[in-house]
Amino acid sequence: MMARTKIAIHLDGSLCVFLAFMFLLLPLCWVLAFVLAVAVHELCHAIAILAMEGRIYALWLGAGGIRMETDPLPPGQEIIAALAGPLGSALLLLVSRWMPRVAICGAVHCLYNLLPLFPMDGGRILQNTLALCLPVPLGRKAFHAFQRILRPILGAMCLLAVFRWGILPAVVGFLLMWRNRAERTV
């Protein structure tokens, strides 16, 4: 039997600003649907990590998302743990008849997290897939080159989307870059 471990939860002040911004922009039912979709996503990550006998020491909650502090996993297990969240988000489509807002939020959250930028799930999947397929130095170079190319492309796409759909793509782009910046400083 596994010993019980306390999980430290760290709240960043930016989370309060982000939630206040969400309450200003969206109706309460959409904010609650988003929070539920994020909770399911992160719970699926946690279940996958614990199922592979990993340990979770801390949760960091901020405007850039949720980060789990865990034991390092081998690349194959890291891919499974990274895929578990988007899979859980995609499975929310099964409840679309009863909770359509949650299903929509889950689908958007799934697609957003599958973007191949580190530290998001898609970036972790790409990084660990390269680690499995290529020698370590070549895999690292390929991953970093891909990141340097993709970041400005996604930034430009968010900027163009602002002209088409308004401020929401700008907010998503800002959060994407904020999360990426925060991970590079840790």
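Residues numbered from 1 in each chain as written. Predicted model: local features only at pLDDT ≥ 70, side-chain atom pairs only at ≥ 80, totals over all residues. Heavy atoms only, no water.

1. Section: the pattern of salt bridges
Item 1. One pass over the full model with this rule turns up 2 salt bridges.
Item 2. Residues glutamate 78 and arginine 124 are paired through a salt bridge, measuring 2.7 Å at the closest nitrogen-oxygen approach. Of this pair, glutamate 78 sits in helix 3 (residues 75–91) while arginine 124 sits in helix 5 (residues 121–133), and the two are 46 residues apart along the sequence.
Item 3. A relative accessible area of 15% places glutamate 78 in the buried class.
Item 4. In this structure, arginine 124 engages aspartate 121 in a salt bridge whose closest nitrogen and oxygen atoms are separated by 3.0 Å. (Salt bridge = Lys/Arg side-chain N within 4 Å of Asp/Glu carboxyl O. Helix = DSSP H or I, 4+ residues; strand = E, 2+ residues; numbered from the N terminus. Buried < 20%, exposed > 50% of the residue type's maximum accessible area, 1.4 Å probe, protein only.)

2. Comments concerning the nonpolar core
Item 1. Among the nonpolar cores identified, the biggest contains 9 residues, and these are Ala46, Ala48, Ile49, Met52, Ile56, Met68, Leu73, Ala81 and Ala84.
Item 2. Listed by contribution, the elements that provide at least two residues to this core are helix 2 (28–51) and helix 3.
Item 3. The dominant element in this core, judged by the number of residues it contributes, is helix 2, at 3 residues.
Item 4. The contact partners of leucine 73, leaving out residues within four places of it in the chain, are Ile49, Met52, Glu78 and Ala81.
Item 5. By size, the runner-up hydrophobic cluster in this structure holds 5 residues, among which are Ala33, Ala37, Val102 and Cys105. (Core = buried A, V, L, I, M, F, W, Y, C linked by side-chain atoms within 4.5 Å. Contact = heavy atoms within 4.5 Å.)

3. Points about the sheet that holds strand 3 (residues 65–70)
Item 1. The sheet built from 3 strands is open, its strands ordered 1-2-3 with mixed pairing. The sheet terminates laterally at strand 1 (8–11) and strand 3, the two strands that pair on one side only. Shown here is a sheet whose adjacent strand axes are inclined to one another by a mean of 15 degrees, direction ignored.
Item 2. Where strand 1 lies against strand 2 (residues 56–62), 4 bridges are found, and the strand directions are parallel. (Pairing = 2+ DSSP bridges. Axes fitted to C-alpha atoms, helices over the stretch in contact; angles between N-to-C directions.)

4. Regarding the packing of helix 2 against helix 4 (residues 100–113)
Item 1. Orientation of helix 2 relative to helix 4, taken along the N-to-C sense of each, is 50 degrees, at an axis distance of 8 Å. The pairing of helix 2 with helix 4 is recorded here as oblique in orientation. The handedness of the crossing between helix 2 and helix 4 comes out as right-handed. Of the residues in helix 4, those in contact with Cys29, Trp30, Ala33, Phe34, Leu36, Ala37, Val38 and His41 of helix 2 are Arg101, Val102, Ile104, Cys105, Gly106, His109 and Asn113.
Item 2. Here the residues of the contact of helix 2 with helix 4 sort into 10 nonpolar, 4 polar and 1 charged. (Parallel < 35°, antiparallel > 145°, perpendicular 65-115°, else oblique. Left-handed = near helix turned anticlockwise from the far one by under 90°. Nonpolar A, V, L, I, M, F, W, Y, C, P; charged D, E, K, R; others polar.)

5. Structural notes on helix 3
Item 1. Over its 17 residues, helix 3 extends 24 Å from the first C-alpha to the last, a length consistent with the 24 Å expected when each residue adds 1.5 Å.
Item 2. For helix 3, the principal kink sits at alanine 84 and spans about 25 degrees; a proline, proline 86, occurs within the next four residues.
Item 3. Buried within helix 3 we find Glu78, Ile79, Ala81, Ala82, Ala84, Gly85, Pro86, Gly88 and Ser89. (Expected span 1.5 Å × (residues − 1). Bend = angle between axes of the 7 residues up to and from the residue.)

6. Comments concerning the packing of aromatic side chains
Item 1. Inspection of the entire model under this criterion finds 2 aromatic pairs.
Item 2. Look at phenylalanine 118 and phenylalanine 143: their rings are 6.3 Å apart centre to centre, the planes differ by 85 degrees, and that puts the pair in the edge-to-face class. On the criterion of sequence distance, the pair formed by phenylalanine 118 in the loop between helix 4 and helix 5 and phenylalanine 143 in helix 6 (residues 136–165) is long-range, its members being 25 residues apart. (Phe/Tyr/Trp six-rings, centres within 6.5 Å; stacked < 30°, edge-to-face > 60°.)

7. Focus on a nonpolar patch on the surface
Item 1. Residues Ile7, Ile9 and Leu11 make up a contiguous nonpolar surface patch of about 320 Å² in total accessible area.
Item 2. Within the secondary structure, isoleucine 7 sits in the segment before strand 1. (Patch = residues over 30% accessible without salt bridge, like charges linked within 9 Å, V, L, I, M, F, W, Y side chains within 5 Å. Areas by Shrake-Rupley, 256 points an atom, 1.4 Å probe, with all protein chains shown as cover.)

8. Observations concerning the packing of helix 3 against helix 5
Item 1. Taken N-terminus to C-terminus, the directions of helix 3 and helix 5 make an angle of 155 degrees; their axes are 9 Å apart at the nearest point. The angle between the axes of helix 3 and helix 5 places the two elements in the roughly antiparallel class. Considering only the axes of helix 3 and helix 5, their crossing is left-handed. Residues Pro75, Gly76, Glu78, Ile79, Ala81, Ala82, Leu83 and Pro86 of helix 3 touch helix 5, and the partners they reach there are Asp121, Arg124, Ile125, Asn128, Thr129, Ala131 and Leu132.
Item 2. For the contact of helix 3 with helix 5, the per-class residue count stands at 9 nonpolar, 3 polar and 3 charged.

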